[in-house]
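Chain and residue survey
Each chain, written out:
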Amino acid sequence: MQTNNAMLDWTRATATDVPLLAAMEKAYIECPWSEENLRQSLADENSAIYLLRVNGDVVGYGGVRTVYETAEVYNIAVHAAYRRKGYGTAILQKLEAHAKAQGANELLLEVNEQNEAAVRLYKKQGFTVLSVRKNYYKSGNALVMRCAL
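The paragraphs below set out a description of the structure included in this document. Fair warning: this is a prediction, and the values are worked out from it, not measured in the lab.

Calculation rules
Residues numbered from 1 in each chain as written. Predicted model: local features only at pLDDT ≥ 70, side-chain atom pairs only at ≥ 80, totals over all residues. Heavy atoms only, no water. Buried < 20%, exposed > 50% of the residue type's maximum accessible area, 1.4 Å probe, protein only. Helix = DSSP H or I, 4+ residues; strand = E, 2+ residues; numbered from the N terminus. Pairing = 2+ DSSP bridges. Phe/Tyr/Trp six-rings, centres within 6.5 Å; stacked < 30°, edge-to-face > 60°. Lys NZ or Arg CZ within 6 Å of the ring centre and 35° of its normal. Contact = heavy atoms within 4.5 Å. Salt bridge = Lys/Arg side-chain N within 4 Å of Asp/Glu carboxyl O. Expected span 1.5 Å × (residues − 1).

We now examine the pairing of strand β5 (residues 70-78). Of all the 9 residues making up β5, 7 are buried; the element is thus mostly covered by neighbouring parts of the structure. The antiparallel pairing of strand β4 (residues 57-67) with β5 creates a hairpin that spans 2 residues between the two strands, and Tyr-68 there sits at a positive phi of about 55°. Judged from the 3 bridges that link them, β5 and strand β6 (residues 106-112) form a sheet pairing that is parallel. Its bridge partner lying in β6, Thr-70 is registered against Glu-106.

Right, here's the structure in full:
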């Protein structure tokens, strides 16, 4: 897959990637996961975290957990310098493909309702709002969104 004429390189994260993932969590996620949470996720056979590299640089990552027919995106982050270039969409599509391969027929996620760019991305990819979780984030409410796969 190519985005903005750059070849995308996907790797499945391992324990050696935990410090990098934790640093990105702290930089880009309002409620970041700890290194221990990340290690537990990587050890969970139902979970996967993918790193996206472009020209050798990690530009973002995404994580998904699949249980039976339902998959849940737990985080997507794109380095600030690489935003608005299609990488968030590419990460989401990678997670969707992983979920389908694991037998999921739906994908769920929570997103801060104030994160307009993310909400727009998810709606563009076919997600609809199921419900609102009041005060889920420090800065406000979460939209619970769903997409059929």
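Further remarks concern the packing of aromatic side chains. Scanning the entire structure with this criterion turns up 4 aromatic pairs. Here Lys-94 stacks its cationic end above the ring of Tyr-50, 4.9 Å away from the centre of that ring.

As a further point, take the environment of Ile-91. Mapped onto the elements of the fold, Ile-91 is located in helix α3 (residues 87-101). The class for Ile-91 is buried, based on a relative accessible area of 1%. Distance in space between the C-alpha atoms of Ile-91 and Val-78 is 8.8 Å, their sequence separation being 13 residues. Apart from the residues within four sequence positions on either side, Ile-91 is in contact with Trp-10, Leu-52, Gly-60, Tyr-61, Gly-62, Ile-76, Ala-77 and Val-78.

Below, the discussion takes up the pattern of salt bridges. The full count for this structure, using the stated rule, is 4 salt bridges. Where Arg-65 meets Asp-44, a salt bridge forms, and the shortest distance between an N and an O atom there is 2.5 Å. Here Arg-65, found in strand β4, pairs with Asp-44, found in the loop between α2 (35-43) and β3 (47-54); they are 21 residues apart in sequence, far enough to count as distant. The class of Arg-65 is partly exposed, set by a relative accessible area of 36%. Ionic pairing is found between Arg-146 and Glu-106, a salt bridge with its closest N-O pair at 2.6 Å. Of this pair, Arg-146 sits in strand β8 (residues 140-148) while Glu-106 sits in strand β6, placing them 40 residues apart in sequence. What makes Arg-146 partly exposed here is its relative accessible area of 28%. Residue classification places Glu-106 among the buried residues on the basis of a relative accessible area of 16%.

Now for α3. Along an α-helix, residues three or four positions apart point the same way, because every turn accommodates 3.6 residues. The end-to-end C-alpha distance of α3 is 21 Å, a good match for the 21 Å that 15 residues give at a rise of 1.5 Å each. For α3, the complete set of buried residues consists of Tyr-87, Gly-88, Ala-90, Ile-91, Leu-92, Leu-95, Glu-96, His-98 and Ala-99. Two residues or fewer past α3, Gly-103 is found with a positive phi of approximately 95°.

Let's shift gears to the side chain of Ser-47. Within the secondary structure, Ser-47 is located in strand β3. Using a relative accessible area of 4% as the deciding quantity, one classes Ser-47 as buried. Ignoring anything within four residues of it in the chain, the contact list for Ser-47 reads Arg-12, Ser-41, Val-64, Arg-65 and Tyr-74.

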